[in-house]
Amino acid sequence: MNDKKFIVITGPTASGKTHKAAALAAKIDGEIISADSRQLYCGMDIGTGKDLEEYGNVPYHLIDICPAGYKYNLFEYLRDFKVAKQTIDAKNKYAILCGGTGLYVESVLKGLDLPEVPENKPLRESLKDKSLEELTEILKMMKTLHNVTDVDTAKRAIRAIEIQTYYTQHPELEKQLVPHPMENTLVLGVDIDRENRRLKITKRLKERLEHGMVDEIKGLLDSGIPAEDLVYYGLEYKFVTLYLTGELTYQEMFNSLEIAIHQFAKRQMTWFRGMERRGFPIKWYPFDMPDDEFVESVCELL
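Below: a short report on this structure. (Residues numbered from 1 in each chain as written. Predicted model: local features only at pLDDT ≥ 70, side-chain atom pairs only at ≥ 80, totals over all residues. Heavy atoms only, no water.)

The next thing to look at is the overall build of the protein. When helices and strands are counted, the protein shows 13 helices and 8 strands. Computed over its C-alpha atoms, the radius of gyration of the protein comes to 20 Å, within 12% of the 19 Å expected for a compact globule of 302 residues. Seen along its three principal axes, the alpha-carbon backbone of the protein occupies a region of about 55 × 50 × 35 Å. Considering the protein as a whole, with its 302 residues, one finds that 48% of them fall into the buried category. Element-wise, carbon and sulfur atoms account for 52% of the exposed surface of the protein, whose accessible area totals about 15200 Å². (Helix = DSSP H or I, 4+ residues; strand = E, 2+ residues; numbered from the N terminus. Rg over C-alpha atoms; globule rule 2.2 N^0.38 Å. Buried < 20%, exposed > 50% of the residue type's maximum accessible area, 1.4 Å probe, protein only. Areas by Shrake-Rupley, 256 points an atom, 1.4 Å probe, with all protein chains shown as cover.)

Below, the structure written as structure tokens:
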């Protein structure tokens, strides 16, 4: 049995958390499990900032595990996380969860165990002509909306209604839906002030565009992935696709994307602060703390 602490390293986009997680894993013989909802997809590399070279020789999990165009969900993430964690535990190594998808991070820490919800074709058919606003109202009557990811798009909202309907029809699942928070955890955050975050986001966006992000997304479209499926992934994939399909000029794409990433980082911080209020304390470290100092400090807590 692995009695090592389960380590989480999270923070907003552009805070440099992956680099710190890799430095820590290399020092303590750990393996990294990604908590990034878009790095799961093959071929979506520059836009998601996989930066696989940052891992060095550190093994990583839940990156490049499904094809671009697929709609991966929380149920699948929790299922695949469990397998990855068990694999690392069997080697008696440290498992380090690293990523900024707050829903994934918090669901793992809560110990959520979601049942698989099958497709409900008649329900989908009855909802397909409703607007996103109407779907959001239906979902609000069924549950408290803790986050906006369920109602990002009509497709997501319909899926959320489908899941909630299934839970209502199967009250015996309530026991399974009761969280069992993980024990022996250490949750760390990489904090970056607003001004530095803005500078890093803009610099990184320019670099990604220079390094072929538009060509990457054009290649995905040329491979037969529908434009709306790429738009579904948001941020880089949404705005570059809108540029490639002629709906935005290059400058409009850049400006809109820059604003959207800043807003996304702000939402991430709102989520993390909410996590702390919901009983998951996070020990914050400054983004510009040297890796060796960060590693030394964390090792003292293990």
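Okay, the environment of Lys175 next. With respect to the secondary-structure elements, Lys175 resides in helix 7 (residues 174–177). When the C-alpha positions of Lys175 and Asp113 are compared, they lie 9.9 Å apart, and in sequence the two are 62 residues distant.

Here the focus is the pattern of salt bridges. For the structure shown, the criterion picks out 23 salt bridges. The partner of Asp129 in a salt bridge is Lys128, with the nearest N and O atoms 3.6 Å apart. Looking at Lys128, the relative accessible area reads 45%, which means it is partly exposed. The salt bridge involving Lys203 is made with Glu207; its shortest N-O contact spans 3.0 Å. A residue pair is termed a helical-turn pair when its members lie 3 or 4 positions apart in one helix, as Lys203 and Glu207 do in helix 8 (residues 194–210) at 4 residues. Residue Glu207 is classed as partly exposed on the basis of its relative accessible area, which comes to 30%. (Salt bridge = Lys/Arg side-chain N within 4 Å of Asp/Glu carboxyl O.)

This part covers the packing of aromatic side chains. In total, this model carries 9 aromatic pairs according to the counting rule given. With a centroid separation of 5.8 Å and 70° between ring planes, the pair formed by Phe6 and Phe81 is classed as edge-to-face. One end of the pair, Phe6, is in strand 1 (residues 6–10); the other, Phe81, is in helix 2 (residues 74–90), and 75 residues separate them in sequence. Overall, the relative accessible area of 2% leaves Phe6 in the buried class. A network of ring pairs unites the aromatic residues Phe6, Tyr77, Phe81 and Tyr104 as a single cluster. Positioned over the ring face of Tyr285 is Lys283, at 5.4 Å from the centre of the ring. (Phe/Tyr/Trp six-rings, centres within 6.5 Å; stacked < 30°, edge-to-face > 60°. Lys NZ or Arg CZ within 6 Å of the ring centre and 35° of its normal.)

Our focus in this paragraph is the nonpolar core. In this structure, Ile33, Tyr77, Leu97 and Leu257 are the most contacted members of the largest nonpolar core, which totals 60 residues. For this core, the leading source of residues is helix 12 (residues 250–277), giving 10 residues. Leaving out residues up to four positions away in the same chain, Tyr77 has contacts with Ile33, Ser34, Ala35, Leu62, Tyr72, Leu97, Tyr104 and Val108. Of all hydrophobic cores here, the second largest spans 24 residues; its members include Ala22, Val58, Tyr285 and Met289. (Core = buried A, V, L, I, M, F, W, Y, C linked by side-chain atoms within 4.5 Å. Contact = heavy atoms within 4.5 Å.)

As a further point, take the sheet that holds strand 8 (residues 283–286). Within the open sheet, the 6 strands sit side by side as 4-2-6-1-7-8. Their pairing is parallel. What marks the edges here is a single partner per strand, and that holds for strand 4 (60–61) and strand 8. The pairing of strand 2 (residues 30–34) with strand 4 spans 2 bridges and is parallel. Bridged to Ile33 within strand 4 is His61. Contacting strand 1, strand 2, strand 6 (94–98), strand 7 (185–191) and strand 8, helix 1 (residues 17–28) crosses the sheet at an angle of about 175° to strand 6. Along the sheet, helix 2 contacts strand 1, strand 2, strand 4 and strand 6; its crossing angle with strand 2, the most-contacted strand, is approximately 175°. (Pairing = 2+ DSSP bridges. Axes fitted to C-alpha atoms, helices over the stretch in contact; angles between N-to-C directions.)

Let's shift gears to the pairing of strand 6. For strand 6, the buried fraction is high: 5 of the 5 residues fall into the buried class. Where burial is concerned, the two faces of strand 6 agree: the one with Tyr94, Ile96 and Cys98 and the one with Ala95 and Leu97 are both buried. The pairing of strand 1 with strand 6 spans 3 bridges and is classified as parallel. Looking at the pairing, Ile9 lines up with Cys98 of strand 6. Bridging between strand 2 and strand 6 involves 5 bridges; their strand directions are parallel. In the sheet register, Glu31 faces strand 6, and the bridge partner there is Ala95.

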